[in-house]
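Examining the three-dimensional arrangement
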Amino acid sequence: MTSGCDERAWLGEVVVQEMTESDLDEVLTIERQSFPSVWSRASYERELRNRNSYYLTARHQGALVGYFGMWIVLGEAHITTLAVHPSYRRRGLGGRLLDHVIDLARRHSAARVTLEVREQNHAAIAMYRKFGFEPKGVLPAYYGDTRENGVVMLKELSSEGQAGDSH
Ligand SMILES: CC(C)(COP(=O)(O)OP(=O)(O)OC[C@H]1O[C@@H](n2cnc3c(N)ncnc32)[C@H](O)[C@@H]1OP(=O)(O)O)[C@@H](O)C(=O)NCCC(=O)NCCS
């Protein structure tokens, strides 16, 4: 029987790097498999030119398997998107990307990280909770496509130790 550690050994082969326009075909493929309403290529191109934006990809054996985007403005970090290829879910990659989010936010001296998530997105909410994000409010009918409520989640960075946050 394999242990949980062995099952996650593949994460050691994952390469995380800045997203570029040449990644967008693969990003958009995962995007369509992950969200009810997808961002366009033009939206991503705009985001990649935004000097307050940080967009990173994760590749495994050459294939793009996940990505996230974040803004850092006035000492606040905000996750704009985060997704994992459906075939790679429940294997620790979402958490690994979130580690990068938190690390990047800390390195830019952000005091907290925020995000909005669909109320019915139980997988994402469970992941964020596991990493210390707390629900702070509900945005009624925030998502125009389904009129679903948005949950605002927040993780404070300033008042805690740097170690032992995640797992
Ligand atoms: C949410 C998402 C990024 C999670 O990625 P992932 O690689 O599967 O996450 P991990 O394997 O690292 O899981 C981390 C934790 O999240 C929680 N989690 C993840 N998927 C879950 C699910 N389907 N049900 C319940 N909890 C889940 C668990 O607490 C898990 O920890 P565990 O494995 O120790 O139980 C992925 O499901 C996804 O891409 N969804 C579509 C896009 C999306 O909803 N993005 C979030 C937008 S705000």
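Residues numbered from 1 in each chain as written. Predicted model: local features only at pLDDT ≥ 70, side-chain atom pairs only at ≥ 80, totals over all residues.

Okay, the site of the ligand next. The environment of the ligand is formed by 20 residues, the closest being Arg89, Gly94, Gly95, Ala123 and Met127. Those elements that provide at least two residues to the shell around the ligand are strand 4 (76-84), helix 4 (93-107), strand 5 (112-118) and helix 5 (122-130). Here the element with the most residues in the shell around the ligand is helix 5; it accounts for six residues. A per-class count over the shell around the ligand returns 10 nonpolar, six polar and four charged. (Near = placed C-beta within 6 Å. Helix = DSSP H or I, 4+ residues; strand = E, 2+ residues; numbered from the N terminus. Nonpolar A, V, L, I, M, F, W, Y, C, P; charged D, E, K, R; others polar.)

Tracing the sequence through the fold places lysine 130 in helix 5. Separated by 77 residues in the primary sequence, lysine 130 and serine 53 have C-alpha atoms spaced 25 Å apart.

Turning our eyes to something else, we now look at the pairing of strand 2 (residues 53-60). For strand 1 (residues 14-18) and strand 2, the ladder comprises five bridges, and the chain directions are antiparallel. The partner of valine 15 across the bridge, within strand 2, is arginine 59. Where strand 2 lies against strand 3 (residues 63-73), eight bridges are found, and the strand directions are antiparallel. Looking at the pairing, serine 53 lines up with tryptophan 71 of strand 3. Adjacent in sequence and paired antiparallel, strand 2 and strand 3 are bridged by two residues, among which glutamine 61 carries a positive phi angle near 50°. (Pairing = 2+ DSSP bridges.)

All right, on to the nonpolar core then. With 29 residues, the main nonpolar core has Tyr67, Phe68, Ile79, Leu97, Val101 and Val113 as its most contacted residues. When contributions to this core are tallied by element, the ones reaching two or more residues are helix 2 (24-34), strand 2, strand 3, strand 4, helix 4, strand 5 and strand 7 (148-156). Filtering out sequence-adjacent residues up to four positions away, tyrosine 67 remains in contact with Met19, Val27, Ile30, Tyr55, Leu56, Thr57, Ala58 and Ala83. (Core = buried A, V, L, I, M, F, W, Y, C linked by C-beta atoms within 7 Å. Buried ≥ 20, exposed ≤ 12 C-beta atoms within 10 Å, placed from the backbone. Contact = placed C-beta atoms within 7 Å.)

Moving on to helix 2. By the burial criterion, the buried members of helix 2 are Val27, Ile30 and Glu31. The buried residues of helix 2 occupy an angular sector of 110° when projected down its axis, which confines them to one face. Within helix 2, the exposed residues directed more than 90 degrees away from the buried face are Asp25, Thr29 and Arg32. Those residues of helix 2 hidden inside the fold are in contact with helix 3 (41-49), strand 3 and strand 4. (Arc of directions from axis to C-beta.)

A few words on unusual backbone geometry. Glycine aside, residues mostly have negative phi, and peptide bonds are mostly found in the trans state. Phi is positive for glutamine 61, which is not a glycine, with a value near 50°. Residue position: glutamine 61 is located in the loop between strand 2 and strand 3. Although it is not a glycine, arginine 147 adopts a positive phi angle of roughly 65°. With respect to the helices, strands and loops of the structure, arginine 147 is situated in the loop between strand 6 (134-143) and strand 7. Accessibility expressed as a C-beta count within 10 Å gives 9 for arginine 147, which makes it exposed.

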